Amino acid sequence: MTTPATMTVTTKLAGSGPGDARDRAPQDRAPQDRAPQDRAPQDRAPQDPPAPPLPPRSVPDALLYGARGLCPACGAGRLFSSYLKVSPYCPDCGEELYHHRADDAPPYATILLVGHIVVPLMVLVEEIYRPEVWVHLVLWLPLTLALCLCLLPPLKGMLVNLQWALRMHGFDPGSAEREGPPDGVVPVVRAVRPIR
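Keep in mind the model is a prediction, meaning the values are calculated, not measured.

Conventions used here
Residues numbered from 1 in each chain as written. Predicted model: local features only at pLDDT ≥ 70, side-chain atom pairs only at ≥ 80, totals over all residues. Heavy atoms only, no water. Helix = DSSP H or I, 4+ residues; strand = E, 2+ residues; numbered from the N terminus. Buried < 20%, exposed > 50% of the residue type's maximum accessible area, 1.4 Å probe, protein only. Phe/Tyr/Trp six-rings, centres within 6.5 Å; stacked < 30°, edge-to-face > 60°. Lys NZ or Arg CZ within 6 Å of the ring centre and 35° of its normal. Core = buried A, V, L, I, M, F, W, Y, C linked by side-chain atoms within 4.5 Å. Contact = heavy atoms within 4.5 Å. pLDDT = per-residue confidence, 0-100. Expected span 1.5 Å × (residues − 1). Bend = angle between axes of the 7 residues up to and from the residue.

Student: Any chance you could explain the environment of Ala51 here in plain terms?
Tutor: Within the secondary structure, Ala51 is located in the loop between α1 (5-13) and α2 (59-67). Take Ala51: its relative accessible area is 68%, and that puts it in the exposed class. Measuring from C-alpha to C-alpha, the distance between Ala51 and Gly174 comes to 9.3 Å, with 123 residues separating the pair along the chain.

Student: I keep staring at the packing of aromatic side chains and nothing clicks. Help me out?
Tutor: Two aromatic rings, taken as a pair, are described by how far apart their centres are and by the angle between their planes. Scanning the model with the defined rule gives 1 aromatic pair in all. When the centroid spacing of 5.6 Å and the interplanar angle of 65 degrees are considered together, the rings of Tyr89 and Tyr98 count as edge-to-face. With a relative accessible area of 8%, Tyr89 lands in the buried category. The lysine or arginine in question, Arg57, covers the ring of Trp164, its NZ or CZ lying 4.2 Å from the ring centre.

Student: How do you make sense of the nonpolar core when you look at a structure like this?
Tutor: A general tendency of soluble globular proteins is for nonpolar side chains to be buried together. In this structure, Cys71, Leu79, Phe80, Val86, Cys90, Leu97, Ala102 and Val160 together form the largest nonpolar core, which totals 8 residues. Excluding anything up to four places from it in sequence, Val86 contacts Leu79, Phe80, Leu97, His100, Lys156 and Val160.

Student: Is there a simple way to think about the environment of Gly170 in this case?
Tutor: With respect to the secondary-structure elements, Gly170 resides in the segment after α4 (133-165). You can call Gly170 buried: its relative accessible area is 3%. Ignoring anything within four residues of it in the chain, the contact list for Gly170 reads His99, Glu177 and Arg178.

Student: Quick question: what am I supposed to make of the side chain of His99 here?
Tutor: With respect to the helices and strands, the residue His99 is situated in the loop between α2 and α3 (105-129). Looking at His99, the relative accessible area reads 2%, which means it is buried. Non-local contacts of His99, meaning those with residues more than four positions away in its chain, are made with His169, Gly170, Phe171, Arg178 and Glu179.

Student: What should I look at first to understand the confidence of the model for the protein chain in this one?
Tutor: Confidence in the prediction of the protein chain, expressed as mean pLDDT, is 81, and 71% of residues score 70 or more. Across residues 7-16 the pLDDT falls below 50, and counting only partners more than four positions away or on other chains, this stretch makes 7 contacts in the model. Predicted confidence is poor over residues 20-26, with pLDDT under 50, and the contacts of this stretch with residues over four places away or in other chains come to 4 contacts.

Student: Which parts of the structure should I look at to understand α3?
Tutor: Because each turn of an α-helix spans 3.6 residues, side chains separated by three or four positions end up pointing in the same direction. Over its 25 residues, α3 extends 36 Å from the first C-alpha to the last, a length consistent with the 36 Å expected when each residue adds 1.5 Å. When the local axis directions of α3 are compared, the greatest deviation, roughly 25 degrees, occurs at Gly115. Those residues of α3 lying buried are Pro106, Thr110, Val114 and Val118. With its phi angle positive at about 50 degrees, Arg130 sits one or two positions after the end of α3.

Structural data, given as structure tokens:
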């Protein structure tokens, strides 16, 4: 039994063989397969105008403010409400600070920094003086503890302010990660003084 030529062409256009679908002529494409630029203007969805670019934030200033425990936006308000607890809002300018995601990075950076200070000193003292083990314990444990407690707040402040300066997480108003304030936190609203 022989197959008519029209059936062979129809079968080839349906793409039954390998590579047949890409061999079709452009005019054979169905209307729904057309690219968006081929559509008529009334078929296109309206697009929002692009948002104006946000002004850049100074990373060096933010890091300096963070090392001093100050707000990254104004440089005057306190960043922490207690030893390591970041205030949800700056008490001076009202900047939202609850967007930060410091997590485990400040302790990691503190351990890294303190380890690079204490371990070389410990090895140096051991090689020069060869003290007893109890001398090492009395000398290095308090020094390690004091350095960790002193360096942790500035390093956390620098990390939080770096996130603010780079508009990471919710610090970018257009970010999908932006979220509302934590439960029970009332936003700080500052009155604007009239210009005389």
